[in-house]
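# Notes for the structure review
Below, each chain spelled out in residue letters.
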Amino acid sequence: MAEEREDILHQELVVINLGLPGFAESLGAQEVEVIQVDWEPPAGGDQEMIDLLDQLL
Amino acid sequence: MVAGFKIRKREYYDSVFLMGVNKRLAEYPGVTQTAVLMGTEANKELLAQIRIGGPEIDAAAPNDLIVAVIADNEAAMDAAIAGLDAVLKAMTESQPASDVRTLRAALERVPGANLAVLSIPGAYAADEARKALEGGLNVFLFSSNVPLDQELELKRLGRSKGLLVMGPDCGTSILHGVGIGFANRVRLGSIGVIGPSGTGLQEFTSSVHNAGGGISHAIGTGSKDLSDAIGGLTTLAALERLEADPATEVIAIVAKPLREVTLRILLEAADRVTKPLIGCLLGADESMIPSGAPLEWAHTIDEAVEIALRKAGVKPVLPDEGSKNGVPSQVKSIREGWGPEARFLRGVFAGGTFCYQAQQILRQAGMVVFSNSPIKPGYGLDDPDCSVDHTVVDMGDEHYTLGRPHPMIDSRERARRVLAEAADPTVAVLLLDFILGYNAASDPVGDMLEALADAQTLREKSGGSLTIVASVCGTDDDPQDRVLQVKMLRELGVYVFDTNARAVDFCVKLLKG
């Protein structure tokens, strides 16, 4: 059974943007509240280390 | 010719940023080619193609920056590589910095957030999307190359939490007037649309706007959503939401053909929809849809728009002036200008859906057409870089975009292809698309003007003229100046239409005489 939650179609958007800053800029230009995350590959892109961190966190 | 490279450990930049770095380094004197990319396996393969490799490259990690330069001489190469620091500094300073490094930190900062927009390398995208869903966020996942089993898991998780998962490989959505990703500025209205293709949604929503109608929501589902492996999970979720949405009076689905299993699921869902429903499955055989099916069939995006407007009670305003270009007398005079061998069409598209729809319309007109992304098996190109007879090419295909930006933001590959087609004396008509809107190039026509003018000159030298036909997808409210974009094309003698289907129809008239 799905959790009860207000549909995104009826909410004002508040956005977290991971990746291309242009996507955040265009949302900002449309007066949407947006926070940019300066994302980097976790653990330097080392898959073994990522799996290990996932287990630990 | 000399080649060299430099690796900067643990310096991650996104691909659009690196495109800017690449462009600046390529302007250094004596430099013939540059490659500025992150050390992913796919990028290392690209470097191998230009004979850049070795143990240092092999050892580079996905967050190591690799800068390779091929130049006329050692001094030029060294100067370009040495210039990297200055270029990076200048570009980093022009970009607003953020002190938030993780999704979790962002959620703490903005606890009311309800949507995560993810455009990070595919290998990490599913992990971050899962974290977003677990944090109660809906997801717009632009990243591609997410394995199908992970996509399925994300969509099931989204469903269980009542959250929408748009993507992976989702280019476009518009939620209550807000464009996300590659989207056009369109007015609010009563027509809702769902689709796996970004350019398909852009064409539909722009056309509705240009005809005087409006969009309630346009929901991108991701390119694989309607595969049997995924079973249309996001399409179904979107359909339920639009059915329940008081602002939406008419619903359209714009997609490619489905396999039987997913089609059956979709038709069952359509049965539960009480609002008028339009199905535009490009390239599909109408006989796939059983008679009495609860949706109205549209052959092209234009037809879907026409039906949607009618159902919504909107009387469409007349299409753009350019559509009058198809008068027979003009066709005759255009054909008279062609050289003796000229008889083929070459489409060079930025939008995959445009390439697909063009094939459908050309085939229905009885023409045999080849493509690097063929609509029917047996009509593929042996070499995607070499056109034969009538050919339409999707320049957004992986062959052209692996390690490079999409042609919607970087026109260089497309410009090269246009010149190659113009050099072939059997080519009579060149068909192009220009896509406006948020996040597309700021001047898509301007970026191609030189190549188009060179193509015309090249042809004139060999006798005869090259006919260029184009469609411009977008609205007058888009960040680019649509009127100016169209004007620049017309001044060059390009025949401009406001939709891809109209442009292709004109090509059919030209080629059939």
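Up top is the structure.
A brief look at the structure comes next. Owing to the predicted nature of the structure, the values given are computational and were not obtained by experimental measurement. (Residues numbered from 1 in each chain as written. Chains lettered and ligands numbered in written order. Predicted model: local features only at pLDDT ≥ 70, side-chain atom pairs only at ≥ 80, totals over all residues. Heavy atoms only, no water.)

### Points about the overall build of chain B
Condition: What counts as a helix is a DSSP run of H or I of at least four residues, what counts as a strand is a run of E of at least two, and both are numbered from the N terminus. Just to be clear, the radius of gyration here is over C-alpha atoms, and the globule rule we use is 2.2 Å times residues to the power 0.38. We call a residue buried when its accessible area falls under 20% of the maximum for its residue type, exposed when it is over 50%, and partly exposed in between, using a 1.4 Å probe and counting protein chains only. The accessible surface values rely on the Shrake-Rupley method and a 1.4 Å probe; as for residues, cover is taken only from the protein chains in view. For this count, His and the chain ends are skipped, Lys and Arg are scored as positive, and Asp and Glu as negative. By convention, charge coordinates are those of NZ in Lys, CZ in Arg, CG in Asp, or CD in Glu.
Regarding its fold elements, chain B presents 19 helices and 19 strands. Against the 2.2 N^0.38 benchmark of 24 Å for 513 residues, chain B shows a C-alpha radius of gyration of 24 Å, consistent with a compact globule. Dimensions along the principal axes, computed over C-alpha positions, put chain B at roughly 70 × 65 × 40 Å. A total of 513 residues make up chain B; the buried ones form 58% of that total. Total accessible area on chain B stands at roughly 20800 Å², and carbon and sulfur atoms take up 51% of it. Within chain B, the 66 negative side-chain charges are centred at a point lying 2 Å from the centre of the 50 positive side-chain charges.

### Structural notes on the nonpolar core
Spelled out, the test is: Take the buried residues of types Ala, Val, Leu, Ile, Met, Phe, Trp, Tyr and Cys, join any two whose side-chain atoms come within 4.5 Å, and each joined set is a nonpolar core. Contacts are assigned to residue pairs that have any heavy atoms within 4.5 Å of one another.
Core analysis: the largest hydrophobic core is formed by 77 residues, its most contacted members being Leu 13 of chain A together with Ile 180, Val 429 and Val 469 of chain B. Ranked by the residues each element gives to this core, the list is headed by helix H19 (residues 500–512) of chain B, at eight residues. Among residues more than four places away in sequence, those in contact with Leu 13 of chain A are Ile 8, Val 32 and Glu 33 of chain A together with Asn 114, Leu 115, Leu 175, His 176, Val 178 and Ile 180 of chain B. In terms of nonpolar packing, the next biggest core, distinct from the first, is built from 48 residues, Val 14 of chain A together with Val 69, Leu 118 and Ala 126 of chain B among them.

### Side note on unusual backbone geometry
Glycine aside, negative phi is the norm for most residues, and most peptide bonds take the trans geometry. Residues and elements named next belong to chain B. Cis geometry is adopted by the peptide bond preceding Pro 168, which originates at Gly 167 and carries an omega value of 10°. The topology assignment puts Pro 168 in the loop between strand S6 (165–166) and strand S7 (172–175). Of note in this structure, Arg 51 is not a glycine but carries a positive phi near 60°. Within the element layout of this structure, Arg 51 appears in the loop between helix H2 (41–49) and helix H3 (55–59). For Arg 51, a relative accessible area of 78% gives the class exposed. The backbone of Asn 145 sits at a positive phi, close to 60°, despite the residue not being glycine.

### Focus on the side chain of Ser 387 of chain B
All names here are of chain B. Note the threshold: We call two N or O atoms a polar contact when they sit within 3.5 Å, provided that within protein one can donate a hydrogen and the other can accept it, with sequence-adjacent residues counted only if both atoms are side-chain atoms.
For Ser 387, the location among the structural elements is in the loop between strand S15 (370–371) and strand S16 (391–394). Among the polar contacts listed, one links the side chain of Ser 387 to the side chain of Arg 417, at a separation of 3.0 Å. Leave out the neighbours within four places in its chain, and Ser 387 touches Arg 346, Leu 381, Val 393, Arg 417 and Glu 421.

### With respect to the packing of aromatic side chains
Applicable threshold: Think of it this way: a Phe, Tyr or Trp ring, Trp meaning its six-membered ring, pairs with another when their centres are within 6.5 Å, and the plane angle makes it stacked under 30 degrees, edge-to-face over 60, tilted otherwise. Lysine NZ or arginine CZ positioned within 6 Å of the ring centre and within 35 degrees of the ring normal marks a charge as sitting over the ring.
Evaluated as defined, the whole model comprises nine aromatic pairs over all chains. Where Tyr 13 of chain B meets Phe 17 of chain B, the ring centres are 4.8 Å apart and the plane angle is 10°; that geometry is what we call stacked. Comparing Tyr 13 of chain B with Phe 17 of chain B shows no difference in burial state: the two are buried. Taken together, a centroid distance of 5.9 Å and an interplanar angle of 45° make the contact between Phe 370 of chain B and Tyr 379 of chain B tilted. With relative accessibility at 27%, the residue Tyr 379 of chain B sits in the partly exposed group. Following the ring pairs from residue to residue traces out a cluster consisting of Phe 23 of chain A together with Phe 142 and Phe 182 of chain B. Here the basic side chain of Arg 363 of chain B rests over the ring of Tyr 379 of chain B, its NZ or CZ set 5.0 Å away from the ring centre. Lying across the ring of Phe 434 of chain B, Arg 414 of chain B places its NZ or CZ 5.1 Å from the centre.

### Comments concerning the sheet that holds strand S3 (residues 65–71) of chain B
All names here are of chain B. Keep this limit in mind: When DSSP locates at least two bridges between a pair of strands, those strands are taken to pair. Fitting a line to C-alpha atoms yields each axis, with helices limited to the stretch in contact; the angle taken between N-to-C directions then spans 0 to 180 degrees.
Sheet architecture is open: three strands sit in the order S1-S3-S2, paired in antiparallel fashion. Single-partner strands in this sheet number two, and they are strand S1 (2–8) and strand S2 (31–38). Averaged over all adjacent pairs, the angle separating strand axes in this sheet is 10°, with direction ignored. Bridge count for S2 against S3 is seven bridges, and the pairing is antiparallel. Considered in S3, the bridge of Val 36 is made with Val 67. Sitting on the sheet, helix H1 (residues 15–26) touches S2 and S3, and the angle it makes with S2 is about 160°. Against the sheet, helix H4 (residues 74–82) contacts S1, S2 and S3, and its axis sits at roughly 20° relative to S1.

### Here's the deal with the pattern of salt bridges
Residues and elements named next belong to chain B. Convention followed: Salt bridges, as used here, are contacts in which a Lys or Arg side-chain nitrogen is within 4 Å of a carboxyl oxygen on Asp or Glu.
Enumeration over the complete set of coordinates arrives at 24 salt bridges over all chains. A salt bridge links Lys 9 to Asp 64; its shortest N-O distance comes to 3.0 Å. Placement of the pair is Lys 9 in the loop between S1 and H1 and Asp 64 in the loop between H3 and S3, with a sequence separation of 55 residues. Residues Arg 417 and Glu 421 are paired through a salt bridge, measuring 2.8 Å at the closest nitrogen-oxygen approach.

### A few points about helix H12 (residues 301–311) of chain B
Buried residues of H12 of chain B: Ile 301, Asp 302, Ala 304, Val 305, Ile 307, Ala 308 and Leu 309 of chain B, and no others. Looking one or two residues beyond H12 of chain B, the residue adopting positive phi is Gly 313 of chain B, at roughly 75°.

### A few points about the packing of helix H8 (residues 148–161) of chain B against helix H10 (residues 233–244) of chain B
All names here are of chain B. We count it as follows: With respect to orientation, any angle under 35 degrees is reported as roughly parallel, any angle over 145 as roughly antiparallel, any angle of 65 to 115 as roughly perpendicular, and every other angle as oblique. Each crossing gets its handedness from the near helix: less than a right angle anticlockwise from the far helix is left-handed, clockwise is right-handed. Amino acid classes used here: Ala, Val, Leu, Ile, Met, Phe, Trp, Tyr, Cys and Pro are nonpolar; Asp, Glu, Lys and Arg are charged; the rest, including Gly, are polar.
Relative orientation of the contacting elements H8 and H10 amounts to 25°, with a least axis distance of 10 Å. By the criterion of interaxial angle, the relationship of H8 to H10 is roughly parallel. As H8 packs across H10, the resulting crossing turns out to be left-handed. Contacts between H8 and H10 involve Leu 152, Lys 155, Arg 156 and Arg 159 from the first element and Leu 233, Thr 234, Ala 237 and Glu 240 from the second. Classifying every residue of the contact of H8 with H10 by side-chain character gives three nonpolar, one polar and four charged.

### Comments concerning the side chain of Ser 471 of chain B
All names here are of chain B. If you trace the backbone, Ser 471 turns up in strand S18 (residues 467–473). Given a relative accessible area of 2%, Ser 471 falls into the buried group. What Ser 471 contacts, discounting residues up to four positions off in sequence, is Leu 432, Asp 433, Phe 434, Phe 497, Thr 499, Asn 500 and Ala 503.

Keep in mind these numbers describe shape, not what the thing actually does.
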